[in-house]
Amino acid sequence: MEFKNVVENRFSCKKYSGRQVEAEKLQAILEAGRLAPTAKNLQEQRIYVVQTEEGLAKIDKVTPCRYGAPVVLIVAYDKNNVFTFPDSDRNSGAEDASIVATHMILAATNEGVNSCWLNYFNPDEVAKTFNLPENEEVLMLMDLGYAAEEGKPLPNHFSRKPLEETVTYIK
Ligand SMILES: Cc1cc2nc3c(=O)[nH]c(=O)nc-3n(C[C@H](O)[C@H](O)[C@H](O)COP(=O)(O)O)c2cc1C
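About the cut-offs
Residues numbered from 1 in each chain as written. Predicted model: local features only at pLDDT ≥ 70, side-chain atom pairs only at ≥ 80, totals over all residues. Heavy atoms only, no water. Near = heavy atom within 4 Å. Polar contact = N/O pair within 3.5 Å; in protein donor to acceptor, adjacent residues only side chain to side chain. Areas by Shrake-Rupley, 256 points an atom, 1.4 Å probe, with all protein chains shown as cover. Nonpolar A, V, L, I, M, F, W, Y, C, P; charged D, E, K, R; others polar. Helix = DSSP H or I, 4+ residues; strand = E, 2+ residues; numbered from the N terminus. Buried < 20%, exposed > 50% of the residue type's maximum accessible area, 1.4 Å probe, protein only. Contact = heavy atoms within 4.5 Å. Patch = residues over 30% accessible without salt bridge, like charges linked within 9 Å, V, L, I, M, F, W, Y side chains within 5 Å. Salt bridge = Lys/Arg side-chain N within 4 Å of Asp/Glu carboxyl O.

Visitor: Would you explain the site of the ligand in this entry?
Guide: Not every one of the 14 residues close to the ligand is listed here, only the nearest: R10, S12, K14, Y67 and H157. Contact distances for the ligand include 2.6 Å between an oxygen atom and a side-chain N or O atom of H157. The contact in question runs from an oxygen atom of the ligand to an N or O atom on the side chain of R160, over 3.0 Å. Its free accessible area being 610 Å², the ligand has 70% of it covered by the protein chains. Class assignment for the residues of the shell around the ligand results in seven nonpolar, four polar and three charged.

Visitor: Whenever I open this one, the side chain of R66 confuses me. Can you help?
Guide: Within the element layout of this structure, R66 appears in the loop between α3 (53-62) and β2 (71-78). R66 sits in the buried class, given a relative accessible area of 14%. Excluding residues within four positions of it along the chain, R66 makes contact with Y16, L56, I59, D60, V72 and D143.

Visitor: Would you mind going over a nonpolar patch on the surface with me for this structure?
Guide: Judged by side-chain polarity, L163, V167 and Y169 come together as a nonpolar surface patch covering roughly 400 Å² of accessible area. By secondary structure assignment, the location of Y169 is in the segment after α6 (163-166). A relative accessible area of 80% means that Y169 is categorised as exposed.

Visitor: Would you take a moment to explain the side chain of S92 for this structure?
Guide: Position of S92 among the secondary structure elements: in the loop between β2 and α4 (93-110). Classification of S92 as buried rests on a relative accessible area of 2%. Not counting chain neighbours up to four residues away, the residues in contact with S92 comprise A39, E44, F83 and F85.

Visitor: Looking at this structure, I do not really get the environment of K79. What am I missing?
Guide: Inspection of the secondary structure puts K79 in the loop between β2 and α4. Taking the C-alpha atoms as reference points, K79 and Q51, separated by 28 residues in sequence, lie 25 Å from one another. Excluding its chain neighbours within four sequence positions, the residues that come into contact with K79 are E134, N135, E136 and E137.

Spelled out as structure tokens, the structure:
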């Protein structure tokens, strides 16, 4: 798909059909995340693929936003391996993991797979539910699947501010 079409076609899908995501498509999505840039190339992202009935039932316990997706990615990062900005507490963990997630969400669109970025969950609860290592912070969950007939973009998808409202050319 042309990059412009990928960006234009992505939307947050809030109703999935029962169709499974093909293994090779999932692989392409994960590979796009692998190639994402991270500060100092630390690659501290940790991606968990949840697609078993048992795993998806656990997802349903931690968020109401699976919307029937057959695959959910848990995107986390290793808190002990982040780039920390000099003279600051700020670190790049959330930024890096967000870039990885964005690569994957656009790759999903490119593969014809629908998605939704979720932050409506408690990260500690997710970590506990899936027994993730203590050094990992959960950033987001990503629903992946094929939209049901009714799984169209919500009206707010089409409401984007004009560039002049968000971009300023400065000297
Ligand atoms: C950081 C972030 C968190 C989001 N969290 C949720 C969520 O928890 N549940 C949900 O249904 N949608 C969630 N969304 C989807 C947004 O509601 C959606 O992206 C926004 O309304 C714009 O619609 P669009 O993605 O179709 O363009 C999230 C999106 C972003 C970027």
